[in-house]
Amino acid sequence: VLEDVWIDGRVPVVRWSFQNIAPDTPAKKVQAECFPGGAQIRSLEIQDVERLSKELGMEVLQNFENEEKLLNYGGVIVERNGLLLSACCAFAAIGAEVEVAVSTCPGHRRQGHAYAAAQAYLADCNERGLHPSWDASSMASRQLAMRLGFIAPVEYIAQYRAVSPTEIDKIF
């Protein structure tokens with residue numbers, strides 16, 4: 001990894017930007033019975049916003065003035081017995097344009113929670129007249145976006161400043 005650090009300390013990272021959803025992709029709500037083990041899906045509420053950061057590491061408030069502004073763009077969470085498993089909401093928004101953020105608790109990945117949360121959020125965006133976009137920072141995120149119906153990814157190189165080996169490890 002260290003050989004990929006540029007001389008000025010920047011680290012190049014491949015990302016993919018999706019701006020479109022295939023026109024024939026159905027927008028459908030996910031029902032709670034789709035989840036094994038009693039997990040439930042519900043709308044994101046104001047008391048959940050702090051949990052996104054604490055339990056999932058989602059720093060979604062950085063692009064909004066406050067929780068209410070974030071909630072204007074909706075959001076969903078998946079939880080089981082009070083445990084937050086996954087969430088999907090806006091990472092950033094300008095007017096009706098919304099960049100989607102999704103995260104899943106590490107111990108519950110690869111169980112369909114992120115897909116269900118994102119699918120439900122995209123259906124909510126459709127009902128609200130919002131236009132979602134997706135920016136993938138990993139192959140797993142890229143594959144999830146494509147499974148959800150996003151098309152035509154544009155690959156680009158993002159640059160992160162790394163000041164210590166510990167920070168470099170956080171990026172990768």
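Residues numbered from 1 in each chain as written. Predicted model: local features only at pLDDT ≥ 70, side-chain atom pairs only at ≥ 80, totals over all residues. Heavy atoms only, no water.

### A few points about the pairing of strand 7 (residues 131-136)
Judged by how many residues are buried, strand 7 sits mostly within the fold: 5 of 6 residues are covered. Tracing the backbone out of strand 6 (residues 97-104), into helix 3 (residues 113-128) and back to the parallel element strand 7 gives a crossover that is right-handed. (Buried < 20%, exposed > 50% of the residue type's maximum accessible area, 1.4 Å probe, protein only. Helix = DSSP H or I, 4+ residues; strand = E, 2+ residues; numbered from the N terminus. Right-handed = clockwise from strand over helix to strand, strands pointing away.)

### A few points about the confidence of the model for the protein chain
For the protein chain, per-residue confidence averages 81 on the pLDDT scale, and residues scoring 70 or more make up 76% of the total. Scored below 50 in pLDDT, residues 168-172 shows 11 contacts in the model against residues more than four places distant or in partner chains. (pLDDT = per-residue confidence, 0-100. Contact = heavy atoms within 4.5 Å.)

### Observations regarding the nonpolar core
Soluble globular proteins tend to bury their nonpolar side chains together. If you look at the biggest cluster of nonpolar residues, it comprises 40 residues, and the most contacted ones within it are Leu52, Met58, Leu70, Tyr121 and Trp134. Residue assignment for this core shows that the elements contributing at least two residues are strand 1 (10-18), helix 1 (49-56), strand 4 (75-80), strand 5 (83-94), strand 6, helix 3, strand 7 and helix 4 (139-147). Here this core gets 7 residues from one element, more than from any other, and that element is helix 3. In this view, Trp134 contacts Trp16, Ser17, Phe18, Val100, Val102, Ala118, Ser141, Leu144, Ala145, Leu148 and Phe150; residues no more than four positions away in its chain are not counted. (Core = buried A, V, L, I, M, F, W, Y, C linked by side-chain atoms within 4.5 Å.)

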